Amino acid sequence: MHQSIVIKNVNIVNEGQIKSTDVFIQNGFIQKIGNLSGEITKDAKTIDGTGKYLFPGIIDGQVHFREPGLTHKGDLYTESRAAVAGGTTSFIDMPNTVPNVLTTEILDEKFRIASKKSWANYSFFLGVNNDNLDSVLQMDTSQFIGVSDDGLYFTKKGNLLADSPDTMEKLFSNCKSIIAIHSEMEKIIEENEEIYRAEYGEDVPIACHPLIRSEEGCYQSTKRAIAIAEKHKARLHILHLTTEAETHLFRNDIPLREKNITTEVSVQNLWFSDKDYQRLGTLIKWNPAIKTEQDRVGLLKALLDDRIDIITTDHAPHSLEEKEKPYFQSMSGAPMVQHSLYIMLELYKQGLISLEKIAEKMCHNVAILYGIEKRGFIREGYFADLTLVDLNSPWTVGKENILYKCGWSPLEGETFQSKVTHTFVNGNLVYENGNFSEFIPGQRLEFK
Ligand SMILES: O=C1C[C@@H](C(=O)O)NC(=O)N1
């Protein structure tokens, strides 16, 4: 259902600049950027962009949309709908669905479901762990967006790659595609669990979470993974960094395109810190854990100085019932994909990051890092995935505007100054001032 649309007098935030211009969209693509008048836009729907800011659609490099198998928490329809309402137009989903994505058959099935249900553009990681390592090494993994172990440890202890240096050696010496790993050492976590269990029994306070899933567990794991990757010249991506200490293990003296070792931060680690455990309890229990205020500040600094390459959400919905349990039973993770751009724009309002840097880390760099074709930038000939934002339109997160299937957010009660007013996916205006268009499926991400 492509339409011709012209966005007039809008500030485009793109490739390190903000420029006031017009953008003409037709047949799914950005056809023209510049001051437009007359013939070309004659039959086009006009959107007045005066005073607003146009970003490339956000590409979220790490989400858990829960389908198949865990659809009481979320599914590809509900979570991708929440995504586009928050300005996210593409996502890459993790393999800890049920069954785990450990074969190409299951991967194909996820692509099939997404082609029917996803509002946003999509791709999926193939899961890799000790169980399927040999078969993964037989595959031509350069055909996949990447392999990842994220979340697979939920179904089986001891499956974090970070706990299996032999597996990592074998994988890193053979795998041609991006290897995205969840970097924590299970052994260190288990030792810490025993210490706190001895002290508190089963009633361990949530404030102990960052001490159990500790800085040490993250740092040792990331350091070792980088050493093994460097030895084999593998393409390693460390998922959701949570400590300042780890940021110093990454380089910022070479362009992203030349890096073999990259990393990311998830928005919640730029927003929450250990001071929030008292207020929000297990609602902000994540793996790896939200750490200290010093870590939060250090992560932001590393993002700004390019040791951290991209921003993701690790959107991980669970039902409230699954969250509101004593420490050991409470599920880790929380929904975020509808609110990621809002968090970053609020940090902009606080003077902590520029709009250009937000576009770089949430759009351009994700496209570069994963080699995604023709997305992530506002350029003529690129897909018209675009997000229009009003920076002066305050609103408050509440049950009535949360779109996640699980129906809650750790951000409830938070007031954000900015609002996404329009979201375009492949040239289709799918979201406008709180209303959705008819359902139009997103596309499979193509990559180089
Ligand atoms: O890595 C992960 C996985 C995620 C989930 O719930 O799937 N939850 C988390 O807290 N971290």
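Residues numbered from 1 in each chain as written. Predicted model: local features only at pLDDT ≥ 70, side-chain atom pairs only at ≥ 80, totals over all residues. Heavy atoms only, no water.

1. Considering the site of the ligand
Then step 1. Taken together, 15 residues lie near the ligand, and Arg-66, Asn-96, Asp-150, Asn-287 and His-318 sit nearest.
Then step 2. Within the side chain of Asp-150, a nitrogen or oxygen atom sits 3.0 Å from an oxygen atom of the ligand.
Then step 3. Within the side chain of His-318, one N or O atom sits 3.0 Å away from an oxygen atom of the ligand.
Then step 4. Its free accessible area being 290 Å², the ligand has 100% of it covered by the protein chains.
Then step 5. Looking at the shell around the ligand, its residues break down into four nonpolar, eight polar and three charged. (Near = heavy atom within 4 Å. Polar contact = N/O pair within 3.5 Å; in protein donor to acceptor, adjacent residues only side chain to side chain. Areas by Shrake-Rupley, 256 points an atom, 1.4 Å probe, with all protein chains shown as cover. Nonpolar A, V, L, I, M, F, W, Y, C, P; charged D, E, K, R; others polar.)

2. A closer look at the sheet that holds strand β8 (residues 121-124)
Strand pairing in a sheet is mediated by backbone hydrogen bonds. Such pairs are either parallel or antiparallel.
Then step 1. In space, the three strands of this open sheet follow the order β6-β7-β8, with parallel pairing throughout. Each edge of the open sheet is held by one strand with a lone partner, namely β6 (58-63) and β8. Neighbour-to-neighbour, the strand axes of the sheet open up by a mean angle of 20 degrees, direction not taken into account.
Then step 2. With four bridges connecting them, strand β7 (residues 88-93) and β8 associate as parallel partners. Within β8, the position partnered with Phe-91 by the bridge is Tyr-122. (Pairing = 2+ DSSP bridges. Helix = DSSP H or I, 4+ residues; strand = E, 2+ residues; numbered from the N terminus. Axes fitted to C-alpha atoms, helices over the stretch in contact; angles between N-to-C directions.)

3. Some remarks on the pattern of salt bridges
Then step 1. In the structure shown here, the tally under the stated rule is 27 salt bridges.
Then step 2. For the salt bridge of Glu-169 with Lys-231, the shortest nitrogen-to-oxygen distance reads 3.0 Å. Here the residue Glu-169 occupies a position in helix α4 (residues 165-174), and Lys-231 occupies one in helix α7 (residues 215-232), the gap between them amounting to 62 residues.
Then step 3. According to the relative accessible area criterion, Glu-169 is partly exposed, its value standing at 25%.
Then step 4. Overall, the relative accessible area of 55% leaves Lys-231 in the exposed class.
Then step 5. The residue Glu-293 makes a salt bridge to Lys-275 at a minimum N-O spacing of 3.9 Å. With a gap of 18 residues between them, Glu-293 in helix α11 (residues 293-304) and Lys-275 in the loop between α9 (267-271) and α10 (277-280) connect regions that are remote in the sequence. (Salt bridge = Lys/Arg side-chain N within 4 Å of Asp/Glu carboxyl O. Buried < 20%, exposed > 50% of the residue type's maximum accessible area, 1.4 Å probe, protein only.)

4. Describing the packing of aromatic side chains
Then step 1. Within this structure, the stated rule accounts for 19 aromatic pairs.
Then step 2. Linked through ring pairs, Phe-65, Phe-91, Phe-111, Tyr-122 and Phe-124 together constitute an aromatic cluster.
Then step 3. Across the ring face of Phe-383, the terminal group of Arg-375 is positioned such that the distance to the ring centre comes to 3.6 Å.
Then step 4. For Arg-444, the ring lying beneath its charged end belongs to Phe-111, and the centroid distance is 3.5 Å. (Phe/Tyr/Trp six-rings, centres within 6.5 Å; stacked < 30°, edge-to-face > 60°. Lys NZ or Arg CZ within 6 Å of the ring centre and 35° of its normal.)

5. Things to note about the sheet that holds strand β11 (residues 179-181)
Then step 1. Pairing is parallel in the open sheet, where six strands are placed in the order β9-β10-β11-β12-β13-β14. Of all the strands in the sheet, just β9 (126-127) and β14 (310-312) have a single pairing partner and so form its edges.
Then step 2. The sheet contact formed by strand β13 (residues 261-266) and β14 spans three bridges and is parallel. Bridging across to β14, Ser-266 finds its partner in Thr-312.

6. What to know about the pairing of strand β1 (residues 5-14)
Then step 1. Counting buried residues along β1, eight of its 10 residues qualify, which places the element largely inside the surrounding structure.
Then step 2. Bridge analysis of β1 against strand β4 (residues 45-48) gives four bridges, and the strand direction is parallel. Bridged to Ile-7 within β4 is Ile-47.
Then step 3. Looking at chain direction, β1 and strand β2 (residues 17-26) are connected through eight bridges and run antiparallel. If you follow Asn-14 over to β2, its bridge partner there is Gln-17.
Then step 4. Here β1 folds back onto β2 in antiparallel fashion, the turn holding two residues, of which Glu-15 has a positive phi close to 50 degrees.
Then step 5. Bridge count for β1 against strand β5 (residues 53-56) is two bridges, and the pairing is parallel.

7. Describing the environment of Thr-88
Then step 1. Within the element layout of this structure, Thr-88 appears in strand β7.
Then step 2. On the basis of relative accessible area, Thr-88 is assigned to the buried category, the value being 0%.
Then step 3. Apart from residues lying up to four places away in sequence, Thr-88 is in contact with Ile-58, Asp-60, Ala-83, Ala-120, Val-337 and Ser-340. (Contact = heavy atoms within 4.5 Å.)

8. Let's talk about the layout of surface pockets
Then step 1. If you add up the space inside the second largest pocket, you get close to 230 Å³.
Then step 2. As for the second largest pocket, its lining consists of Ala-85, Gln-338, Tyr-342, Trp-395, Asn-401, Leu-403, Lys-419, Val-420, Tyr-431, Asn-433, Gly-434 and Phe-436.
Then step 3. Here the residues of the lining of the second largest pocket are counted per class, giving seven nonpolar, four polar and one charged. (1 Å grid on protein atoms, 1.4 Å probe; cavity = no way out; pocket = protein on both sides within 12 Å on 5 of 7 lines; lining within 4 Å. Points joined across faces, edges and corners; volume = space filled by probe spheres on them.)

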